Amino acid sequence: NNNDGTLNAGSGTITYGTTNGGEFTLNGQTNTRIQFADTDDLSLSTTTTKTYSIWINASRVGFVSFSDTIMSKQSGNPQGDGFCMGINASNQLGARVTSDGGSTNKYISGIGATISTGTWYMITLIVKVSPDPDTFKLFINTTEVGSTSGGGSSVNDTNDLYLGNYHTGLQNATPFEGKIGEFYVYEGDFTSSDVTTLFNNTKTRFGY
C-alpha cells in the first residue's frame, strides 16, 4: 500500500545483501533504523486488529529491559501511545502497548522461549487496543509466547514506525543489531493459523 520505508544509517550502517531473498544488516548504532511514515495502515486501532510480523536474525541479544529494539511506534520516557518490541535482559522477546494518552501500559514477555544469536526467527505481534482478553499476542515462529489485553479504550498513535530502534528516551540507546529479512503488516483478524501459514510460506528462505 505504498508504505515505502526510508533507510537511516544514523551513526552506524545499514547494508543490503541478497542472501535469503534479500536482507538488511543493521549494526546497532544511534538512530540506525528503517523508518516508515505514520499512516492509518500502520497505526494501532481500537476497532481493527493490526498484525506486525518480521523475520530477524540478531547478532546481539538483550542486556536491559526492552533493549535491542526490533520495532517501535512509540516515543518518550515516560512513553506515549503506541507500541515497541525488543529482546529483554533474559534474552526473551518482550512487547509493550501504551494507550489512553500514555496512562495504560500492557506488557508481554515471552516466558519459556529465548532468542539466540545467529538464528532466524519470525516474530509476530497481533494487537487491538481493547481491555478485552487475548487482544494482544506475541509469537515466535508459530508458537504463541504471550497473551493479554490490548490496553485501554483510546489510542492516539501518530509516531512513525521504526524497525531497529526506539524513537526517543532511554531505549533509543539500545538499538537492534542484526539482520532483517522480511516485514509484513496486516489489518483485520489474524489467527494463530494465519501465523503458521505465513511462517510456512516464507520459512525456506531462512533455513527452515
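Within every chain, residues take consecutive numbers counted from 1 along the sequence as written. Local features in this predicted model are restricted to residues whose pLDDT is 70 or higher, and side-chain atom pairs enter the listing and the counts only when it is 80 or higher, whereas totals over whole chains, interfaces and linings include all residues. Just so you know, side-chain values use all the structure's heavy atoms and leave hydrogens and water out.

## With respect to the pairing of strand β8 (residues 92-99)
- Across the eight residues that make up β8, a large majority, eight, are buried.
- Working definition: with a 1.4 Å probe on protein chains only, accessible area under 20% of the residue-type maximum means buried, over 50% means exposed, and in between means partly exposed. Strands here mean DSSP runs of E at least two residues long; helices mean DSSP runs of H or I at least four residues long; both are numbered from the N terminus. Where burial is concerned, the two faces of β8 agree: the one with Gln 92, Gly 94, Arg 96 and Thr 98 and the one with Leu 93, Ala 95, Val 97 and Ser 99 are both buried.
- Here, strands pair whenever DSSP counts at least two bridges between them. Pairing between strand β7 (residues 82-87) and β8: six bridges, direction antiparallel. Bridging from a neighbouring strand, Ile 87 pairs with Leu 93 of β8.
- Examined bridge by bridge, β8 and strand β9 (residues 104-114) share seven bridges and lie antiparallel to one another. Paired with Ala 95 across the strands is Ile 108, a residue of β9.
- In this structure, the hairpin formed by β8 and β9 is closed by a connection of four residues, where Asp 100 is found at a positive phi of approximately 55°.

## Regarding the side chain of Ser 130
- Along the chain, Ser 130 falls in the loop between β10 (120-127) and β11 (136-140).
- With residues near it in sequence (within four places) discarded, Ser 130 still touches Thr 135, Ser 149, Gly 150, Gly 151 and Gly 152. Whether two residues are in contact is decided by their heavy atoms, any of which lying within 4.5 Å being enough.

## Quick word on the side chain of Lys 50
- Of note, Lys 50 is situated in strand β5 (residues 50-58).
- Of the residues examined, Lys 50 reaches a relative accessible area of 1% and is grouped as buried.
- A polar contact is formed between the side chain of Lys 50 and the backbone oxygen of Asp 40, at a distance of 2.7 Å.
- Excluding residues that lie within four positions of it along the chain, Lys 50 makes contacts with Asp 40, Asp 41, Leu 42, Ser 43, Leu 125, Ile 126, Val 127, Tyr 186 and Glu 187. Polar contacts, as counted here, are pairs of nitrogen or oxygen atoms within 3.5 Å of one another; within protein the pair requires one atom able to donate a hydrogen and one able to accept it, and residues that are adjacent in sequence qualify only if both atoms are side-chain atoms.

## As for the sheet that holds β8
- What the seven strands build is an open sheet, ordered β1-β4-β13-β6-β7-β8-β9; its pairing is antiparallel. Lying at the two open borders of the sheet, with one neighbouring strand each, are β1 (5-8) and β9. Across this sheet, the average inter-strand angle for adjacent strands is 15°, counted without regard to direction.
- The pairing of strand β6 (residues 69-72) with β7 spans three bridges and is antiparallel. In this description, a line fitted to the C-alpha atoms serves as the axis of each element, helices being fitted only across the stretch in contact, and the angle between N-to-C directions of two axes falls anywhere from 0 to 180 degrees.

That's the geometry; what it means functionally is another story.
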